[in-house]
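Summary of structural features
Each chain, written out:
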Amino acid sequence: MTALEKPQIIVHLHKDVNYTLYDAKWIPCSAKFVALGSHPRGTGALQVYEVSSGGLDLKREVEKQTAFKCGTFGASALHQRHLATGDFKGKLMTWDLEYLDLPAYSAKAHDGIVNAIDGCGGLGIGGGAPEIATAGRDGAVKVWDTRQKDDPVACMEPEDESSRRDCWAVCFGDSYSDTDRCVCAGYDNGDVKLFDLRTMAVRWETNVKNGVCGLEFDRKDIQMNKLAVSTLESNYSLYDMRTQHPKKGFASLTEKVKQSTVWCCRHLPQNREVFMTCGGNGSMNLWKYTYPAKRQEVDDDGIAQGVIGNVDLLQNVVLSTQPVSSMDWSRDKEGLAVCTSFDQSVRVVIVTKLNRI
């Protein structure tokens, strides 16, 4: 692929704000997105922006008592579009963006910060009930149904207090039917654990040797296909989740990015083989995964094991001098994305030529 044929990463709109940004999410079926963060005095910032021909228009703004850390629309119905947030005091809340005075749902989820949040069963994506997964500094991973007040529907935490590790990342996957669903969690010591919610057991676990900053399945609503794990020390790992060997686990590859933490990894909704990684040096890298000729082979003992493919770097760009801490693709417009960085800036990015890859 020549330089002219490669996709280009273009900053379409750029907005500076007066607070620290932690997350941004597109509002489904709209040209608006929500930005979440923390004011210098420790209060929470929630802003709604709309992309217009003249730039970014601020539509709604509210300041709350506690700083916001993360958010998701994944468990909301399309006609409601309720935003679920996790804050620095361990609270899980859902918000009607038309009425931001009080949360539609609130629960004390964790002792300390809610580091990560993910939703499933909403927006017409995945089978089963709409559920929210949270990961906390207390080392617990909890699954919530907003129809059930105060108590989680599932809680995964170590029995031994001394073995608790800070849980940094969480994601849903394998939600291809009304009964099947998995939650994957990543911890500060490099542990990655896959919990099967149907059997309430640890289905698989491994260690990637560095703190896990982000996790994402390429699709939530299909049988597990690929899992991306982004870590400290400039690495990310990709696992082929279709074939699990009883001893070797899942086939994987590890890719080294430029000298920076890989904060997150986001798969393109319109093409699951294309994904973006966001770096601690302010960079964004676009990758494409290529499947091997055979996705599984039989080992010497006659047991099937997975075969991993390879990844190619399509494009990379440095947007900021500070880490790009979050990124979200638009499901409605291919190549449109929003990202936040610690230079207190939110950027709307366009990635071109994705339909030609």
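Residues numbered from 1 in each chain as written. Predicted model: local features only at pLDDT ≥ 70, side-chain atom pairs only at ≥ 80, totals over all residues. Heavy atoms only, no water.

Before going further, it helps to spend a moment on the overall build of the chain. When its secondary structure is counted, the chain shows zero helices and 30 strands. Counting only residues that meet the buried cut, the chain has 56% of its 357 residues in that class. Pairs at least 24 apart in sequence give 49% of the contacts found in the chain among residues at least 6 apart. Summed over all atoms, the accessible surface of the chain reaches about 15400 Å², with 45% contributed by carbon and sulfur. (Helix = DSSP H or I, 4+ residues; strand = E, 2+ residues; numbered from the N terminus. Buried < 20%, exposed > 50% of the residue type's maximum accessible area, 1.4 Å probe, protein only. Contact = heavy atoms within 4.5 Å. Areas by Shrake-Rupley, 256 points an atom, 1.4 Å probe, with all protein chains shown as cover.)

On to the environment of Trp95, then. The residue Trp95 is located in strand β8 (residues 91-95) in this model. Note on Trp95: relative accessible area 2%, which makes it buried. Separated by 95 residues in sequence, Trp95 and Gly190 have C-alpha atoms that sit 33 Å apart. Among residues more than four places away in sequence, those in contact with Trp95 are Lys64, Phe68, Arg81, His82, Leu83, Thr85, Leu100, Leu102, Pro103 and Ala104. Among the polar contacts listed, one links the side chain of Trp95 to the side chain of Thr85, at a separation of 3.0 Å. (Polar contact = N/O pair within 3.5 Å; in protein donor to acceptor, adjacent residues only side chain to side chain.)

What follows is about the nonpolar core. Core analysis: the largest hydrophobic core is formed by 18 residues, its most contacted members being Met276, Leu286, Met327, Trp329 and Val351. Secondary structure elements with two or more residues in this core: β22 (262-268), β23 (271-279), β24 (283-290), β28 (324-329), β29 (336-341) and β30 (345-351). Every residue in contact with Trp329, bar those within four places of it in the chain, is listed here: Trp26, Arg266, His267, Leu268, Pro269, Met276, Leu286, Gly335, Leu336, Ala337, Val351 and Leu354. In terms of nonpolar packing, the next biggest core, distinct from the first, is built from 17 residues, Leu194, Trp204, Tyr239 and Phe250 among them. (Core = buried A, V, L, I, M, F, W, Y, C linked by side-chain atoms within 4.5 Å.)

This part covers the sheet that holds strand β3 (residues 32-38). Spatially, β2-β3-β4-β5 is the arrangement adopted by the four strands of the open sheet, whose pairing is antiparallel. In the strand order of this sheet, the two ends are held by β2 (20-26) and β5 (55-64), each with one partner. On average, adjacent strands in this sheet sit at an angle of 20° to one another, irrespective of strand direction. As judged from the seven bridges shared by β3 and strand β4 (residues 44-52), these two strands associate in the antiparallel manner. The partner of Lys32 across the bridge, within β4, is Glu50. (Pairing = 2+ DSSP bridges. Axes fitted to C-alpha atoms, helices over the stretch in contact; angles between N-to-C directions.)

Relative to the assigned elements, Lys353 resides in the segment after β30. On the accessibility criterion, Lys353 (26% relative accessible area) is partly exposed. Separated by 344 residues in sequence, Lys353 and Ile9 place their C-alpha atoms 9.8 Å apart. Residue contacts for Lys353: discarding those within four places in its chain leaves Leu4, Glu5, Lys6, Pro7 and Gln8.

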